[in-house]
Amino acid sequence: KTGFLGRKIHADMDGKKTPRGKRGWKTFYAVLKGMILYLQKDEYKPEKALSEEDLKNAISVHHALALKAMDYEKKPNVFKLKTADWRVFLFQAQSPEEMDSWIRKINSV
Ligand code: I3P
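Here the residue numbering is sequential within each chain, running from 1 through the sequence in written order. Selection of residues for local features in this predicted model requires a pLDDT of at least 70, selection of side-chain atom pairs for listing and counting requires 80 or more, and totals for whole chains, interfaces and linings are taken over all residues. Neither water nor hydrogens contribute to the side-chain values; these are computed over all heavy atoms in the structure.

Undergrad: Could you give an account of the overall build of the chain, with specific residues and numbers?
TA: Think of it this way: any DSSP run of H or I at least four residues long counts as a helix, any run of E at least two long counts as a strand, and we number them from the N terminus. A tally of helices and strands in the chain yields two helices and seven strands. The order of α-helices and β-strands along the chain, N terminus first, is β-β-β-α-β-β-β-β-α. What the globule rule says is 2.2 Å times the number of residues to the power 0.38, and the radius of gyration is computed from C-alpha atoms. Its C-alpha radius of gyration of 13 Å places the chain within 12% of the 13 Å reference for a compact globule of 109 residues. Its C-alpha atoms give the chain principal-axis dimensions of roughly 40 × 30 × 25 Å. For each residue, the accessible area found with a 1.4 Å probe, counting protein chains only, is set against the maximum for its type, and the residue is called buried under 20%, exposed over 50%, and partly exposed in between. The buried share of the chain, reckoned over its 109 residues, is 40%. If you take every contact in the chain between residues at least 6 apart in sequence, the share linking residues at least 24 apart comes to 45%. Every accessible area reported is derived by Shrake-Rupley at a probe size of 1.4 Å, with residue values counting cover from the shown protein chains alone. If you sum the accessible surface of the chain, you get close to 6,900 Å²; carbon and sulfur atoms cover 53% of it. In what follows, residue pairs with any heavy atoms lying within 4.5 Å of each other are defined as contacts.

Undergrad: Outline helix α2 (residues 96–107), listing residues and values.
TA: A helix is expected to span 1.5 Å for every residue after the first. Between its first and last C-alpha, α2 extends 17 Å over 12 residues, near the 16 Å set by a 1.5 Å rise per residue. If you check which residues of α2 are buried, you get Met99, Ser101, Trp102, Ile103 and Ile106. As for α2, its buried residues are in contact with β1 (2–11), β2 (26–33), β3 (36–40), β5 (65–68) and β6 (78–82).

Undergrad: Quick rundown of unusual backbone geometry? Include the residues and the values.
TA: For His63, which is not glycine, the phi torsion reads 60 degrees and is therefore positive. Mapped onto the fold, His63 is located in the loop between β4 (59–60) and β5. Using a relative accessible area of 65% as the deciding quantity, one classes His63 as exposed. Phi is positive for Trp86, which is not a glycine, with a value near 70 degrees.

Undergrad: Now, about the sheet that holds β5: what can you tell me, with residues and values included?
TA: Ordered in space as β4-β3-β2-β1-β7-β6-β5, the seven strands form an open sheet in which the pairing is antiparallel. What marks the edges here is a single partner per strand, and that holds for β4 and β5. Any two strands with at least two DSSP bridges between them are considered paired. Alignment of β2 against β3, held across five bridges, turns out to be antiparallel. Opposite Tyr29, over in β3, you have Gln40 as the bridge partner.

Undergrad: I'd like to hear about the site of the ligand, residue by residue, with values.
TA: Surrounding the ligand, one finds Lys8, Arg20, Gly21, Lys22, Arg23, Gly24, Trp25, Tyr72 and Lys74. Between Lys74 and the ligand, the recorded distance is 2.7 Å, taken from a side-chain N or O atom to an oxygen atom. Burial of the ligand by the surrounding chains reaches 58%, relative to a free accessible area of 500 Å². Residues belonging to the shell around the ligand are distributed by class as follows: two nonpolar, two polar and five charged. Throughout this document, a residue counts as near a molecule or strand when at least one of its heavy atoms sits within 4 Å of that molecule or strand. By the criterion applied in these results, polar contacts are pairs of N or O atoms within 3.5 Å in which, for protein atoms, one can donate a hydrogen and the other can accept it, and in which residues neighboring in sequence qualify only through two side-chain atoms. Only Asp, Glu, Lys and Arg are considered charged in this grouping, and only Ala, Val, Leu, Ile, Met, Phe, Trp, Tyr, Cys and Pro are considered nonpolar; every other residue, Gly among them, is considered polar.

Undergrad: Can you lay out the environment of Ala30 for me, pointing to particular residues and giving the numbers?
TA: Mapped onto the fold, Ala30 is located in strand β2. With 12 residues separating them in the primary sequence, Ala30 and Asp42 have C-alpha atoms 9.2 Å apart.

This is the structure we're talking about:
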C-alpha cells in the first residue's frame, strides 16, 4: 500500500514523550512493503535507490499496533502507531477510508 501520510513523532524508543522541536507534522510518501513502513520525501520511483534519510525514517511494523487516535482532535483521519520498540507515531491519512485501510494493512502484517 502507498499514499501520502502526515507524520508526527509522539514518543521515542524509551517510551518517553518526544521533546519539543521534534514534534512537528511532516508529510511523506508512505510505502508499506513487507513489515516495513517506508516514509519517503518524494513519490516512490522503482529505479531510484532509497536515500539515507529514507532509511532512517523507515519503521518496522512487525508487532506494531495501529488504531484510530481517539484522543487527538486537532486533525481528522489521524491514527496512532505503537511500535514494538515503544515508539508512538501519529499519522494523518487523506480520508477516513484511507485511514481505515492503513490501519487494516498495518495490523495484518
Ligand atoms: C510542535 C509542533 C506540533 C505540535 C506540538 C509542538 O512543535 O508545533 O505541530 O503538535 O505540540 O510541540 P515543534 O515543531 O517545535 O516540535 P500539534 O500539531 O498536535 O499541536 P505538542 O507538543 O503538544 O504535541
